[in-house]
Amino acid sequence: MANHTIKPDMDIVSRVPSKVWEQIFGHVSVHQLLEFRLICRSWRSIVDGCPALMERILLKFPEGFVLDREYKPEYLVPARNLSLEKVRISTVDSWWTTFGKAIVDLKIIDCEFSLSKLLELLKPMESLKSLQLTNLNQSKSSRLVINLDLSHVESLMISKISGDVLNFLVPSFTQLKRIDLPAGLDENKIINLIHSLKDSLEGLTLDYEPTMLKEIIQLKQLTHFTAREGDFSNKDLIEIGKALPKLKSISFCLSMETTSLACLSTMNELECLSLKASTYYCYIQSKFFPCHKVVRDFTVAKNLKLINFKLSGIIPTSDSLYKYFDNSPNIVDIGLFYCTFNSWLDIFEALELFCATLQRLELHSLHVENTHDRLTEYFDSLKCLKIYGCDIPKKLLIKFIRLCPQLEEIQLSAMITLDDEVVLVLCQNLKQLERMSLNDCFFLTDQSVDYILEHCHTLKKLTVQSCPKLSAEAKNKLKSLKNVRCVVE
């Protein structure tokens, strides 16, 4: 049978409004979108002229590629997003002038080029909003000057960059709304930089030192604040809460002295909260135990607008997390990492407050001193469940899975109670499951593979790794699943 290229009915193409085609193309994959724009000029014009569609496309030059005088591209997709990683840039040729004008998001990572070439790259990029620069340690000539306007750039993420280059480049970004500063910068340089951006900055990521607080609380437009390192005292947090009324997202590390979290109540607009504590663990009898216990009290704290909550290395006082959740009724995404609890009852009683609304839950390496399997409420809104390295009693784990019938994604890793019986319950009860990941499971056998093949008919992605009792034959059965993207090792 002869092959025929399928072409659209051009009359239909012209009669259907462009806005309708944009909505249709918005529901196809990026690969399909690129294929559709090659079919006819009308569709190409619609796709290329729609920012929402073009922002889905990332153009990435292959590692080791050389942009030099010999490179003359006949055609490049006019993408809005460009990634240059481990690329050598010897020349910025005339084709770049037109191509660079459309770029909105640019990432330059571990590339070989001079600072003068970077300035040539940036000069025509009048639409650029977001810039990431990684590993810029080039020397700066004293004769090099910046003669371009970078005030349109709103987001700047920099890492592994020399102080000279930072001082040379950053002052040109006069209207930045978001900046991610690398570790190891001089405190005074950071303070001066924050001061220069106090009227525009909305998002700030850095390694915190107490000397920076005075300038941080002057950022009246700040909505997102992340401190990767550095401890905050209760006094620091109260000042931040009172001084920054627009703050919607904050991530920080608690000092050893900060035991009461009442300061959170001063952050009335908070939607995303991530708390960390420097908790050190001892390895005893094949398990990790906290070497010191600094207990944190959430009892009187409340954040009515909070939707995303993350704890890492925290030991809450008894019932205080329950009371905080009760005072923060709109949380839909919870993550607990390396935390210590008295019992599983403390955890699940608090979680059951959101049984009708919780959409995503992640439990990672929790230390729970006592077991308890009392659990009764259905989590009908829960779509994603990830559990790693938690010794949840098998009876409790099975009960919890049965109470999460709407799960679309589940990841279970490094759990000694995960065996064939648990997999059977999972396969039989999760009728909406699309993505499943089972990793570091030392008690799964070929029987689990049979359960997956028999019951999991809605799967779209399956990952099974480091399960030593699975035979090569069983792994091959999983790899042969139709319409399922499999990673089996």
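See the structure printed just above.
Residues numbered from 1 in each chain as written. Predicted model: local features only at pLDDT ≥ 70, side-chain atom pairs only at ≥ 80, totals over all residues. Heavy atoms only, no water.

(A) Structural detail: the packing of helix α16 (residues 446-455) against helix α17 (residues 472-479). Contact geometry for α16 and α17: axes closest at 9 Å, N-to-C directions at 20°. By the angle class used here, α16 and α17 are roughly parallel. Crossing hand, α16 versus α17: left-handed. Contacts between α16 and α17 involve Asp446, Val449, Asp450, Ile452 and Leu453 from the first element and Ala474, Lys477 and Leu478 from the second. Tallied by class, residues from the contact of α16 with α17 come to five nonpolar, no polar and three charged. (Axes fitted to C-alpha atoms, helices over the stretch in contact; angles between N-to-C directions. Helix = DSSP H or I, 4+ residues; strand = E, 2+ residues; numbered from the N terminus. Parallel < 35°, antiparallel > 145°, perpendicular 65-115°, else oblique. Left-handed = near helix turned anticlockwise from the far one by under 90°. Contact = heavy atoms within 4.5 Å. Nonpolar A, V, L, I, M, F, W, Y, C, P; charged D, E, K, R; others polar.)

(B) Representation of the environment of Glu454. Here Glu454 shows up in helix α16. With 26 residues separating them along the chain, Glu454 and Gln428 place their C-alpha atoms 9.2 Å apart.

(C) Here's a closer look at the environment of Phe442. Examined against the element boundaries, Phe442 turns out to sit in the loop between β24 (435-439) and α16. Residue class for Phe442 comes out partly exposed when judged on its relative accessible area of 48%. When the C-alpha atoms of Phe442 and Thr417 are compared, they prove to be 9.6 Å apart, with 25 residues separating the residues in sequence. Setting aside residues no more than four positions away along its own chain, Phe442 makes contact with Pro468 and Lys469. (Buried < 20%, exposed > 50% of the residue type's maximum accessible area, 1.4 Å probe, protein only.)

(D) Looking closely at helix α2 (residues 18-25). Restricting attention to buried positions, one finds in α2 the residues Trp21, Glu22 and Phe25. Along the long axis of α2, the arc covered by the buried residues comes to 105°, so they all point the same way. Turned more than 90 degrees away from the buried face of α2 sit Lys19 and Gln23, all of them exposed. (Arc of directions from axis to C-beta.)

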